[in-house]
Each structure stands twice: as structure tokens, then as C-alpha cells.
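Report on the structure
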Amino acid sequence: MVSEHDQGVALPTEVAPLRRKPVQQRSAQRVEKMLEACAQLIDEVGYDGLTTTLIAERAGVAVGSLYQFFPDKRAVVQELTLRNLDRFVRTVSARFEQLELEHWWDAVDAVFDVYLTMHREVPAFSRLHFGDVVDLRLLDPSKDNNAVIAEKLTALIAEEFGLDPTELTLPLSVAVEAADAVLHLAFRRAPAGDPTLVAEAKELVRGYLSNRLPDDQPNDLPSPR
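Residues numbered from 1 in each chain as written. Predicted model: local features only at pLDDT ≥ 70, side-chain atom pairs only at ≥ 80, totals over all residues. Heavy atoms only, no water.

With that settled, the discussion passes to the overall build of the chain. In terms of regular secondary structure, the chain is built from nine helices and zero strands. Taken across its 225 residues, the chain has 48% of its residues classed as buried. With the model as given, the accessible surface of the chain reaches about 11400 Å², and the carbon-plus-sulfur share is 49%. (Helix = DSSP H or I, 4+ residues; strand = E, 2+ residues; numbered from the N terminus. Buried < 20%, exposed > 50% of the residue type's maximum accessible area, 1.4 Å probe, protein only. Areas by Shrake-Rupley, 256 points an atom, 1.4 Å probe, with all protein chains shown as cover.)

Our next topic: the packing of aromatic side chains. Summed over the entire model, instances satisfying the criterion amount to five aromatic pairs. For the pair phenylalanine 88 and phenylalanine 130, a centre-to-centre distance of 5.3 Å together with 65° between the ring planes defines the contact as edge-to-face. In this pair, phenylalanine 88 sits in helix α4 (residues 73-99) while phenylalanine 130 sits in the loop between α6 (125-128) and α7 (145-161), placing the two residues 42 residues apart along the sequence. Phenylalanine 88 sits in the buried class, given a relative accessible area of 2%. The buried category is assigned to phenylalanine 130, whose relative accessible area is 8%. A ring pair is formed by tryptophan 104 and tryptophan 105, whose centres lie 6.1 Å apart and whose planes are at 90°; its orientation type is edge-to-face. Of the residues examined, tryptophan 104 reaches a relative accessible area of 1% and is grouped as buried. Since its relative accessible area comes to 6%, tryptophan 105 is described here as buried. In this structure, lysine 73 is placed above the aromatic ring of tyrosine 47, and the distance from its NZ or CZ to the ring centre is 4.3 Å. (Phe/Tyr/Trp six-rings, centres within 6.5 Å; stacked < 30°, edge-to-face > 60°. Lys NZ or Arg CZ within 6 Å of the ring centre and 35° of its normal.)

This paragraph deals with the packing of α4 against α7. Remark: α4 packs on α7, axes separated minimally by 11 Å, with the N-to-C direction vectors making an angle of 20°. The angle between α4 and α7 falls in the class roughly parallel. Judged by the sense of rotation from one axis to the other, the crossing of α4 with α7 is right-handed. Across from Leu85, Phe88, Val89, Val92, Ser93 and Phe96 in α4, the residues of α7 making contact are Val148, Ile149, Lys152, Leu153, Leu156, Ile157 and Glu160. Tallied by class, the residues present in the contact of α4 with α7 amount to ten nonpolar, one polar and two charged. (Axes fitted to C-alpha atoms, helices over the stretch in contact; angles between N-to-C directions. Parallel < 35°, antiparallel > 145°, perpendicular 65-115°, else oblique. Left-handed = near helix turned anticlockwise from the far one by under 90°. Contact = heavy atoms within 4.5 Å. Nonpolar A, V, L, I, M, F, W, Y, C, P; charged D, E, K, R; others polar.)

This next bit is on helix α1 (residues 25-49). In an α-helix, one full turn covers 3.6 residues, which means residues spaced three or four apart are oriented alike. Taking 1.5 Å per residue as the helical rise, α1 with its 25 residues ought to reach 36 Å, whereas the 30 Å between its terminal C-alpha atoms falls clearly short. If you look at α1, its biggest bend is around 90°, right at aspartate 43. Every buried residue of α1 is listed here: Ser27, Val31, Met34, Leu35, Ala37, Cys38, Ala39, Leu41, Ile42, Gly46 and Tyr47. For α1, the secondary structure elements touched by its buried residues are α2 (52-59), α3 (63-69), α4 and α6. (Expected span 1.5 Å × (residues − 1). Bend = angle between axes of the 7 residues up to and from the residue.)

Turning our eyes to something else, we now look at the environment of leucine 18. Locating leucine 18 in the fold gives a position in the segment before α1. Under the relative-accessibility criterion, leucine 18 is labelled buried at 16%. C-alpha separation for the pair leucine 18 and alanine 75, spaced 57 residues apart in sequence, amounts to 7.0 Å.

None of the figures reported here should be taken as evidence of function without further support.
Laid out in C-alpha cells, this is it:
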């Protein structure tokens, strides 16, 4: 089953942060080193402490080489965040296929698990999430970052369960906003995410969506706590 989300994240032209895409393998490797260096530095000094000079030094390239591909540090972080979004979407899609989901709650639980794993394991993700620390519209200048996430999840869940995406758009947008707020609190309380608050986030989303998804979806699901 090949669908839009299997192709990665499609971006409006004005979103692409790279000045030019690396064609040669050597250039591509330099860009990857810059992104890896950026992620390491964000974990160490945060976005405010980040500079293009630091990124170049850590990557072992001349700062002029960095400017060949990125106009500023924001563009480097934007590219890193867009790649994390692509990784998130692809991982969720793969998890859906692996789990052979029976109902929508399994899908929601899988989304939570992927997000939590990335937060704990992917460099800089715990600082950047999907870009709000830099710009509320880092992923797409025409909409909030959470709206982009909600759209991606709507497409994935609608396809998985044969649902009408228009019926999912509003509920999943609200669910993403609610989960985002509680998960931020969970990670402020504990570096790995306070388990009680993570369970509360899942409970909140389950309870809300059980009253908003189509009537033929089960709403007598066990509590995730």
C-alpha cells in the first residue's frame, strides 16, 4: 500500500530552507554533518546559543561552506525539524503497518509512543519538538506547526481506517493541541516524561476522541492508565 505519506513530507516551495540541494555525495555528506552538529549544539547550548560559526566548527567545515546551503542558523534548524517531521510520519506509518491496528485507539497509542521515543532518543528533538521554540510556523508559513502535525495524522488515520478525513480534521487538531500541552508539562516534570502525566495525556485524548470520531468506531476502550 503506497500512499502520499509513504513519499515523505511534501513541502511548499517557500518552506524549503536549503538554498540549493546538494547534488554530489561529498556535498550531501557535508550537509548531513552540519545537521548533526546543529542537533548536538542545540542539546548543549539551546537555540539561542546556537550560531552558524559554532555549527560549522562542530561539523568541521568552513562557515562559507555552510552559507552555500543555508542562509542562517534558522534555516539549518528548519531543515533539521522538517527531517524530524518526515521521520515522525514515516515511523508512524510503519508502526501502523506492523501493528495491524484493530481500532482507532491503537493508532493514537502508536502515535504517542513514536513521539515519546523521538523525544527521548533523537538529538535536539526534546528542545525543538516540531519547531515552536523557533517559530510557531516553522514547518509551513501558512499554518501553525501543530496544524501541520494534525494534517499528517489525519491523512494517516483516515487511510488506515477508511474514514472521511473531513470528519477527523477538527477533532485531531484539538487532540494534538491538548496532547502537546500536557506532554510539555510531562517533560518539564521529568526528562524522560513524567509517566503519570503521559498517561493523563493519553486519557485526555482517548476520552475526547471517543465522543468525536464516527459512531461506528469503538468508544468503550480500556483506560491507558
